[in-house]
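Here is how the chains run, residue by residue.
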Amino acid sequence: MRRPIVAGNWKMNGTRSEAATLISGIVAGVNSVNTAEIVVCPPFTLISVVADALAGSGIGYGAQNLNVHDVGAFTGEVSGPMLRDLGCTYVIVGHSERRALYGESDDLVADKFRAAQQHGLVPILCVGETLDQREKHQTEKVIIRQLDAVVDTVGIEGFNKAVIAYEPIWAIGTGMTATPEQAQEVHRFIREKLSGLDRNIATNLRLQYGGSVKGANARGLLDQPDIDGGLIGGASLQADEFLNICRAA
Ligand code: PGA
């Protein structure tokens, strides 16, 4: 059985005091969540605040990005060993905003995936197509390309300890959620594609959906057989809304 996993991607939001309020709201409600694993990914500056507040709560935390190098002259960057030092368990790699706004290629994302695992972090690998690609029926082609880069770098075994988030770019932050059927279709495709390489790994791999998930639409999405949780942006910044999604999982 795959345990559902709901992760909050806070993006570039929050001061320390705002983070303290948000995280205490989440911790206060966590007992009402039965089965799902809960993770929050704050900005780097808030990780230690969040870590302190989460001690003993059962909620995990991670980062939104990492550099492929361990140490050195890389101004402005943060490495896997640094994230481990903060007690992170997860790290998001290849979010579409990083691919689009910071030019992260499939190969760089694959190297980040490998760097994360080398330091004992579980990568949450984001994949997904633009609206234009969907309309041109290129969704599967794009996702194969994004997955193949990682498989070529770490092998299918790399997915033994990883999470994939399918995030159609047209649904991120737009309020335009994929329908449960649209999301399930791509999730099934991802699982089948990886199943062709290793059935066992694909069966156990958790696949999150991301893109305008809210308390109100979470259940329909999370009820789908190949959707094992969500990667939540905007709605993860409100404790009640985030907890509603966690309860739906
Ligand atoms: P959203 O973002 O929930 O605000 O659409 C999801 C994401 O970018 O991970």
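Up top you'll find the structure we're talking about.
Keep in mind that what you see is a predicted model, and the values were worked out from it rather than measured.

Reading guide: rules and limits
Residues numbered from 1 in each chain as written. Predicted model: local features only at pLDDT ≥ 70, side-chain atom pairs only at ≥ 80, totals over all residues. Heavy atoms only, no water. Helix = DSSP H or I, 4+ residues; strand = E, 2+ residues; numbered from the N terminus. Buried < 20%, exposed > 50% of the residue type's maximum accessible area, 1.4 Å probe, protein only. Expected span 1.5 Å × (residues − 1). Arc of directions from axis to C-beta. Contact = heavy atoms within 4.5 Å. Near = heavy atom within 4 Å. Polar contact = N/O pair within 3.5 Å; in protein donor to acceptor, adjacent residues only side chain to side chain. Areas by Shrake-Rupley, 256 points an atom, 1.4 Å probe, with all protein chains shown as cover. Nonpolar A, V, L, I, M, F, W, Y, C, P; charged D, E, K, R; others polar.

Chemist: Describe unusual backbone geometry, and please don't skip the residues or the numbers.
Modeler: We note that Lys11 has phi near 50 degrees; this positive angle belongs to a residue other than glycine. Tracing the chain through its elements places Lys11 in the loop between β1 (5-9) and α1 (16-29). At His137, a position not held by glycine, the phi torsion is positive, near 60 degrees. Take His137: it is sitting in the loop between α6 (131-135) and α7 (139-154). The class of His137 is exposed, set by a relative accessible area of 74%.

Chemist: Tell me about α1, residues and numbers included.
Modeler: Taking 1.5 Å per residue, 14 residues should reach 20 Å; α1 reaches 20 Å between its end C-alpha atoms and fits that length. Within α1, burial applies to Ala19, Leu22, Ile23, Ile26 and Gly29. Each buried residue of α1 sits inside an arc of 130 degrees when the element is viewed along its axis, so together they form one side. Residues Arg16, Ser17, Thr21 and Ala28 are exposed on α1 and point more than 90 degrees away from its buried face. If you follow the buried residues of α1, they end up packed against β2 (37-41), α2 (47-54) and α11 (239-248).

Chemist: Which residues make up the side chain of Asp228, and what values do they have?
Modeler: Inspection of the secondary structure puts Asp228 in the loop between α10 (215-222) and β8 (229-232). Residue class for Asp228 comes out buried when judged on its relative accessible area of 7%. Other than its neighbours up to four places away in sequence, Asp228 contacts Arg2, Arg3, Pro4, Ile5, Arg191, Leu205, Arg206 and Leu207.

Chemist: I'd like to hear about the site of the ligand, residue by residue, with values.
Modeler: The full set close to the ligand counts 13 residues, and Lys11, His95, Glu167, Gly173 and Ser212 are the nearest of them. Measuring from an oxygen atom of the ligand, one finds a side-chain N or O atom of Glu167 at 2.6 Å. Contacts to the ligand include Gly233, whose backbone N or O atom sits 2.9 Å from an oxygen atom. The fraction of the free accessible surface of the ligand (280 Å²) that becomes covered by protein chains is 95%. Grouping the amino acids of the shell around the ligand by side-chain chemistry returns four nonpolar, seven polar and two charged.

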